[in-house]
Amino acid sequence: MTIILRLFAWSLAAAVAFATLGPPGYRPHSDLGQDGEHALAFVLLGVAFGLAYTRNRWLTAVLAVGLTGVLELLQLWMPGRHARLEDFIVDALAACVGLAVAAALDWIFRRTRQTGTSPS
């Protein structure tokens, strides 16, 4: 299961990188607005990586925030894109929220496995 989670997490990271760095016309748009779209993408990314890499959560968090910063800075060299501190803050906080959600889910799964009950 871990290998599937890791493949999914890295595939999602590639999709987010393409949406962040690719041509603006190819980026999906929704009624959430730019900040909402950023938040949703990076919360999902945080959950995916948080479930895929459970051994060292602090390192995973540092790498997630670092990846967020790198993606934002790379936009400086992409035509039609712009790097903004606000986007970095939204993305980094959203990734950390996703990581926290993944940690809570992992804790619940582990606890229910230990007690042999299902979460209700």
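Residues numbered from 1 in each chain as written. Predicted model: local features only at pLDDT ≥ 70, side-chain atom pairs only at ≥ 80, totals over all residues. Heavy atoms only, no water.

## A closer look at the overall build of the protein chain
For the protein chain, the helix and strand inventory stands at four helices and zero strands. Counted from the first residue to the last, the protein chain has its helices and strands arranged as α-α-α-α. Here the protein chain holds 120 residues, and 31% of them are scored as buried. Pairs at least 24 apart in sequence give 74% of the contacts found in the protein chain among residues at least 6 apart. Within the structure as shown, the protein chain displays about 7800 Å² of accessible surface, and the carbon and sulfur contribution to it stands at 71%. Between the centroid of the 9 positive side chains of the protein chain and the centroid of its 8 negative side chains there is a distance of 17 Å. (Helix = DSSP H or I, 4+ residues; strand = E, 2+ residues; numbered from the N terminus. Buried < 20%, exposed > 50% of the residue type's maximum accessible area, 1.4 Å probe, protein only. Contact = heavy atoms within 4.5 Å. Areas by Shrake-Rupley, 256 points an atom, 1.4 Å probe, with all protein chains shown as cover. Lys, Arg positive; Asp, Glu negative; His and termini not counted. Charge placed at Lys NZ, Arg CZ, Asp CG, Glu CD.)

## Some details on the confidence of the model for the protein chain
Counting all residues, the mean pLDDT for the protein chain is 89, and 96% of those residues have values of 70 or more. Mean pLDDT across the elements of the protein chain ranges from a minimum in helix α2 (residues 33-52), with 90, to a maximum in helix α3 (residues 57-74), with 94. (pLDDT = per-residue confidence, 0-100.)

## What to know about the nonpolar core
In terms of nonpolar packing, the biggest core is built from 16 residues, with Ala 9, Phe 42, Leu 45, Phe 49 and Leu 71 touching the most fellow members. Among the secondary structure elements, those contributing two or more residues to this core are α1 (2-21), α2, α3 and α4 (85-115). Those residues in contact with Phe 49, other than ones at most four positions away along the chain, are Ala 9, Trp 10, Ala 13, Thr 60 and Leu 99. (Core = buried A, V, L, I, M, F, W, Y, C linked by side-chain atoms within 4.5 Å.)

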